[in-house]
Amino acid sequence: MTDAGQRASLGTRLREPLLRMISFADEPGDDDDTRLRKRVGVIAGYLTIAAPLSLPPEAGGPAVVWVLALALSAYSAVNLLVLARTRRFDRYVVVLIASGVVFVPLATAVGGGVTGGSFGLVWAFMVPAYAILALGPQRATPWFFVFLGMLVFMLAVDPIVRSAISAPPYAVKLISYLPNVGLPLTITFLLLRYTDLRRRAAEARSDELLTNAIPRAIAARLKQGEKHIADSHPATTVLFADLAGFTPWAQRTDPARVVAVLDDLFSRFDELALGLGVEKIKTIGDSYMAVAGAPQPMPDHAAAALDLARAILGAVEAWRAKNGLTLEIRIGLASGRVVAGVIGQRRFVFDLWGDTVNTAARMESSGIPGRIQVAASTWELLHDRFPFQRREVDVKGLGPMTTYLLDQ
């Protein structure tokens, strides 16, 4: 085996037992955040076993200090063992933090008091700092007030401590500075950094989910506090696309396959809409709705919507070949004014209303599978750039209409 291979093998052998040491509190149903909090808590428990043993050298080594240090180490070890047996992490955290509430004032006293060279105040802040990570902000708030109480208590008894216990020699205080100031502040920094990274990741995920449900511009307005969003957009083109014959096919097909092929198809549509600057509005069953010109104005909205319609026809051909299907798609377009806004308080949606929306839906339902049918409002914007075939149709709910099929 090469040197690199030996090092990799050694690293694997060391990593596995270390991982077992810090992951014994994990539960199968834990998410990544919970698992990480537990592992940080276990590491904190190991540090709490070791940290008290640094106190006797700093305090000059009297027997009472050794008793105090060993008692806290044993207390922390038992706490870890109980966690390993019960997996009750919240109980473990409270016991762990409570040990700091007792140990820090005692360690400060035997170290010569707050003004005598002890760094207990720095360690005391670890109580609320760790609580906010392990228990969350609401449950950590009382521990911050406990910290303030520790601070007041240590300052109040400092004159008594100074008169009873002499400060350690300068050399001891100097040597103790790094572990007793650098270490707790480093831990605090790492906790704050982790918390901020977790917050930013959660915000990014929330933004991603929000902008998947509604347009980015509307999401930004909601985040700024707007509660009722309803805008009029005078120049838009609405697109509806629907799979002809989908319902009977779905009734005789395994549901998992139905969902899979629809997801494949609509994911293709989403990519096409994004590339053309057209806004997807929603899907209803096997129907797909999009708009060009809202919520962001688009000068050439009709052409953009037609480009999307043509791209959808091409995507359906590839989708049919991939999945071995014979289903065709009907597409309808209409142009004009719409009202767009957000409705609902839970699972809210961005939607469109108006005659243009109704007409576009009728253009789809009265259309021909495999073809694009547009209303006169869209034809007027595009007839000088694209060839159309005139058609007279009795449209349900709208009566006789002149519509246009895009020549292919």
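This section reports on the structure supplied with the text. (Residues numbered from 1 in each chain as written. Predicted model: local features only at pLDDT ≥ 70, side-chain atom pairs only at ≥ 80, totals over all residues. Heavy atoms only, no water.)

## Focus: the side chain of Arg371
For Arg371, the position within the fold is in the loop between helix H14 (355-365) and strand E6 (372-374). Excluding anything up to four places from it in sequence, Arg371 contacts Ile329, Arg330, Ile331, Gln389, Leu405, Leu406, Asp407 and Gln408. (Helix = DSSP H or I, 4+ residues; strand = E, 2+ residues; numbered from the N terminus. Contact = heavy atoms within 4.5 Å.)

## A few points about the packing of aromatic side chains
In total, this model carries 9 aromatic pairs according to the counting rule given. Taking 5.2 Å as the distance between ring centres and 85° as the angle between the ring planes, the aromatic pair formed by Phe269 and Tyr288 counts as edge-to-face. Here Phe269 is found in helix H12 (residues 255-276), whereas its partner Tyr288 is found in strand E3 (residues 287-292), with 19 residues between them in sequence. We classify Tyr288 as buried; its relative accessible area is 0%. Three or more aromatic residues link up through ring pairs in this structure, and these residues are Phe125, Phe144, Phe145 and Phe147. (Phe/Tyr/Trp six-rings, centres within 6.5 Å; stacked < 30°, edge-to-face > 60°. Buried < 20%, exposed > 50% of the residue type's maximum accessible area, 1.4 Å probe, protein only.)

## Side note on helix H2 (residues 32-50)
In a regular helix each residue adds 1.5 Å, so 19 residues correspond to 27 Å; H2 covers 27 Å between its end C-alpha atoms and thus fits that length. Of all the positions in H2, only Thr34, Arg37, Lys38, Gly41, Val42, Ala44, Gly45 and Thr48 are classed as buried. An end-on view of H2 places all buried positions within 160° of arc, on one side of the element. With a side-chain oxygen positioned 2.7 Å from the backbone nitrogen of Thr34, the residue opening H2 is Asp31. (Expected span 1.5 Å × (residues − 1). Arc of directions from axis to C-beta. Polar contact = N/O pair within 3.5 Å; in protein donor to acceptor, adjacent residues only side chain to side chain.)

## Thoughts on the environment of Gln408
If you trace the backbone, Gln408 turns up in the segment after strand E8 (399-406). Taking the C-alpha atoms as reference, Gln408 lies 8.9 Å from Phe388; in sequence the two are 20 residues apart. Ignoring any residue separated from it by four or fewer positions in sequence, one finds Gln408 in contact with Leu313, Gly370 and Arg371.

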